[in-house]
Amino acid sequence: MDMKEVRKLFPILSQEVNGKPLVYLDSAATSQKPLPVIEALDKYYREYNSNVHRGVHTLGTKATDAYEGAREKVRKFINAKSTQEIIFTRGTTTALNTVATSYARANLHEGDEIVITYMEHHSNIIPWQQAAKYTGATLKYIPLQEDGTISLEDVEKTITPNTKIVAVTQVSNVLGTINPVKDIAKIAHRNGAVVVVDAAQSAPHMKIDVQDLDCDFLAFSGHKMCGPTGIGILYGKKALLEQMEPVEFGGEMIDFVGLYESTWKELPWKFEGGTPIIAGAIGLGAAIDFLEQVGLENIAAHEHELAQYALEQLSTMEGLTIYGPKERAGLVTFNIDGVHPHDVATVLDAEGIAVRAGHHCAQPLMKWLNVSATARASFYLYNTKEDIDQLVAALRKTKEYFDHVF
Ligand code: 7TS
């Protein structure tokens, strides 16, 4: 599918903001939604809204089929062996917390190590800090090289036979760094550790094969990949999920409830307490169909071209610092000398351009970069080179304005 045609499927993009055509460059925070996803949600609520796994009535059966059908789409999307390994969660944050609460607390002890990197999102830092506090384990960081990548040498040095968990992002939401997760998994496994992959910024943009990566757990969010908010995925190897205790207890997740003891349903439902995220899962299923129709390879190639074009254009601007390596995913994080990124984002907004400014939920990385905040432009399948031209022109204007005024 031609990307110009793909863009037309996103109704929100054809509006004006502050009198200018909207240029949406904040997809790393959340992506926009295409018509097939909006229509799938609309159809569910109009035609077969019902709770799942309970009644035998027709709408209930339709909703259950759609909900479980979405699970199979996710399974195929990441090439998991079984739908029992696919747990619907509220998002990446909930998925990572499930592993840190259930797996880590039961399996870690004093003297054990949890290894993460300096480029993690807070969602892949704080659950491990908490797990370390609870179990007496130590949290260790794989250092970054000057360009914002990690070297396998440093991975080898940081992971030891005491390491029980290695949790790493596949793509940095700030630097755009793409981490060698498969190699990291090999090193972790050689030392007897399990590997948790934060795929929040990779699953929307590149083909993921959990069997090829050989990761033990993997987490991602629907809302960053054209799906609705409030739905995400925890993938886990069946053997590990089977030995884990649920985190939430209540309806839907039980097999038998006695007065003082209860037993759980089999996987994956033992981790899905309460009425599940039915519309969210159906919307995510539609998003996966859509992304696969466009082709993950095409999306990755398109974004690579945009990122390289943006780097080329922005590196011609004096007084602009770009963070992260040259070979990167589809986002560019930067600062203009002497201008606070919030001011940059405010001026860009007046031009109809949406970028993110702040610490991007990565304060340890901000510390490493020696900044308090940055601006970030992030791209997705609907962005164009013209969007980047608009960004560059608006940034030149911003710079001239602040050079002139201050
Ligand atoms: N991990 C990474 C790498 C992320 O980029 C994000 C969200 C999360 C985890 C958390 O995902 P959630 O869906 O559970 O919130 N990242 C961003 C961002 O970069 N700007 O806004 C949200």
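Residues numbered from 1 in each chain as written. Predicted model: local features only at pLDDT ≥ 70, side-chain atom pairs only at ≥ 80, totals over all residues. Heavy atoms only, no water.

With the rule as written, the count across this model stands at 20 salt bridges. Residues Lys-8 and Glu-5 are paired through a salt bridge, measuring 3.0 Å at the closest nitrogen-oxygen approach. Under the relative-accessibility criterion, Lys-8 is labelled exposed at 59%. Here Glu-113 and Lys-140 are joined by a salt bridge, their closest N and O atoms 3.3 Å apart. Within this pair, whereas Glu-113 is found in strand β5 (residues 113-117), its partner Lys-140 is found in strand β6 (residues 138-142), the two being separated by 27 residues in sequence. Taking relative accessible area as the criterion, Lys-140 reaches 22% and is therefore assigned partly exposed. Overlapping salt bridges bring together Lys-20, Glu-351 and Lys-397 as one network. (Salt bridge = Lys/Arg side-chain N within 4 Å of Asp/Glu carboxyl O. Buried < 20%, exposed > 50% of the residue type's maximum accessible area, 1.4 Å probe, protein only. Helix = DSSP H or I, 4+ residues; strand = E, 2+ residues; numbered from the N terminus.)

For Asp-387, the location among the structural elements is in helix α14 (residues 385-405). Under the relative-accessibility criterion, Asp-387 is labelled buried at 5%. Within polar-contact distance, the side chain of Asp-387 engages the side chain of Asn-383 at 2.9 Å. (Polar contact = N/O pair within 3.5 Å; in protein donor to acceptor, adjacent residues only side chain to side chain.)

Here the focus is the UniProt feature "domain: Aminotransferase class V" (unreviewed entry) in the chain. According to UniProt, the positions carrying the feature "domain: Aminotransferase class V" (unreviewed entry) are residues 23-391. The span residues 23-391 is 40% helix and 18% strand, and its two end C-alpha atoms sit 8 Å from each other. (UniProt positions renumbered as here; feature names shortened; annotations may be inferred.)

Relative to the helices and strands, Asn-124 is located in the loop between β5 and α5 (126-135). Separated by 2.7 Å, the side chains of Asn-124 and Trp-128 make a polar contact. Ignoring any residue separated from it by four or fewer positions in sequence, one finds Asn-124 in contact with Leu-96, Ile-116, Ala-167, Val-168, Thr-169 and Asp-198. (Contact = heavy atoms within 4.5 Å.)

What follows covers the site of the ligand. Taken together, 16 residues lie around the ligand, and Thr-93, Asp-198, Ser-221, Arg-356 and Arg-376 are the ones closest in. In this structure, a nitrogen atom belonging to the ligand sits 3.4 Å away from a side-chain N or O atom of His-121. Take Gln-201: an N or O atom from its side chain is 2.7 Å from an oxygen atom of the ligand. In isolation the ligand exposes 500 Å². Once the protein is present, 88% of that is buried. (Near = heavy atom within 4 Å. Areas by Shrake-Rupley, 256 points an atom, 1.4 Å probe, with all protein chains shown as cover.)

Applying the stated criterion across every chain yields a total of 11 aromatic pairs. Between Phe-249 and Trp-264, the ring centres sit 5.2 Å apart and the planes meet at 50°, which makes this aromatic pair tilted. Remark: Trp-264 occurs in strand β12 (residues 262-264) and Phe-249 occurs in the loop between α9 (238-243) and β11 (254-257); sequence separation between them is 15 residues. On the basis of relative accessible area, Trp-264 is assigned to the partly exposed category, the value being 27%. Following the ring pairs from residue to residue traces out a cluster consisting of Phe-10, Phe-290, Tyr-380 and Tyr-382. Geometry around Tyr-134 places Arg-105 over its ring, the cationic atom sitting 4.0 Å from the centre. Across from the ring centre of Tyr-309, 5.1 Å away, lies the NZ or CZ of Lys-385, which sits over that ring. (Phe/Tyr/Trp six-rings, centres within 6.5 Å; stacked < 30°, edge-to-face > 60°. Lys NZ or Arg CZ within 6 Å of the ring centre and 35° of its normal.)

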